[in-house]
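Listed here are the chains, written in short residue letters.
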Amino acid sequence: MFKMKNKEAKKKVTNSYEEFDKLLKILLIIGIIVVSGFIIYAVLSPKSGYWYLGILNSDKKAENYPTNAAVDENITFYISVGNYLNREFSFHLEILKGNNDTVLGPFPSINATTFVNSSTITLQHREVWISSAFNVSFSQAGANQTIIAELWEVPSAGIRRFYDVVYVRLNITS
């Protein structure tokens, strides 16, 4: 009788291992299918795009920006915009001047004065645009005088939308 119970216990254990083995195989197959789905989605889905907005110095380089200037001295700079959004991108630039009261952040500038607005410019994907030279001067001396460039998207239909801002701070002396 003891041998009979022992055989039945072994059979139950063997059946449990077989059931666990089947369940493990099913879970592994499901896991492989799910992971494969994520891989296929990542490969086939379009990559999110990006743009860039930059201020270039008088030599059209993103380096050695002026930090000091005299009252009424012209500061020459260029603006560069690159479109890598995987779509057409229409925009315009607003060039502003600011001072210590100007608030800058990931939003349109507050307490800044518009200097010039560009016309609407359209770039295709992977196209880069560099502006004509801008010449800005300040009529008052002071630290933290700021040249600001704001990028605004101009959609084919709808209201323009703020995209980005870059700026250079200057110490203006008399």
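That block above? That's the structure.
Residues numbered from 1 in each chain as written. Predicted model: local features only at pLDDT ≥ 70, side-chain atom pairs only at ≥ 80, totals over all residues. Heavy atoms only, no water.

Novice: Could you give me a rundown of the pairing of strand β3 (residues 75-84), with the residues and numbers involved?
Specialist: The two faces of the sheet receive side chains in turn, since in a regular strand these alternate between them. Within β3, 8 of the 10 residues are buried, which leaves the element mostly enclosed by the surrounding structure. Alignment of β3 against strand β10 (residues 134-136), held across 3 bridges, turns out to be antiparallel. Looking across to β10, one finds that I75 is bridged to V136. Summarising the sheet, β3 and strand β9 (residues 127-130) pair through 4 bridges and their orientation is antiparallel. Across the sheet, the residue bridging to G82 is V128, located in β9. (Buried < 20%, exposed > 50% of the residue type's maximum accessible area, 1.4 Å probe, protein only. Helix = DSSP H or I, 4+ residues; strand = E, 2+ residues; numbered from the N terminus. Pairing = 2+ DSSP bridges.)

Novice: I'd like a description of the pattern of salt bridges, backed by residues and values.
Specialist: Where side chains of opposite charge bring their charged atoms close, a pairing between them can arise. What the rule picks out here adds up to 4 salt bridges. Measuring nitrogen to oxygen at the nearest pair gives 3.1 Å for the salt bridge that ties R87 to E153. Of this pair, R87 sits in the loop between β3 and β4 (89-98) while E153 sits in strand β11 (residues 142-153); the two residues are 66 residues apart in sequence, bridging distant segments of the chain. Residue classification places R87 among the partly exposed residues on the basis of a relative accessible area of 34%. (Salt bridge = Lys/Arg side-chain N within 4 Å of Asp/Glu carboxyl O.)

Novice: Residue-level account of the packing of aromatic side chains, with values.
Specialist: For any pair of aromatic rings, the description rests on two quantities: the centre-to-centre distance and the angle between the ring planes. Throughout the structure, instances matching the rule amount to 8 aromatic pairs. With a centroid separation of 5.0 Å and 15° between ring planes, the pair formed by Y50 and Y84 is classed as stacked. One end of the pair, Y50, is in strand β1 (residues 50-56); the other, Y84, is in strand β3, and 34 residues separate them in sequence. A relative accessible area of 22% means that Y84 is categorised as partly exposed. Residues F89 and F91 carry aromatic rings whose centres are separated by 5.6 Å and whose planes lie at 20° to one another, so their mutual orientation is stacked. Taken together, W51, F89, F91, W129 and Y163 form an aromatic cluster joined through their ring pairs. (Phe/Tyr/Trp six-rings, centres within 6.5 Å; stacked < 30°, edge-to-face > 60°.)

Spatial relationships are all this shows, so hold off on functional conclusions.
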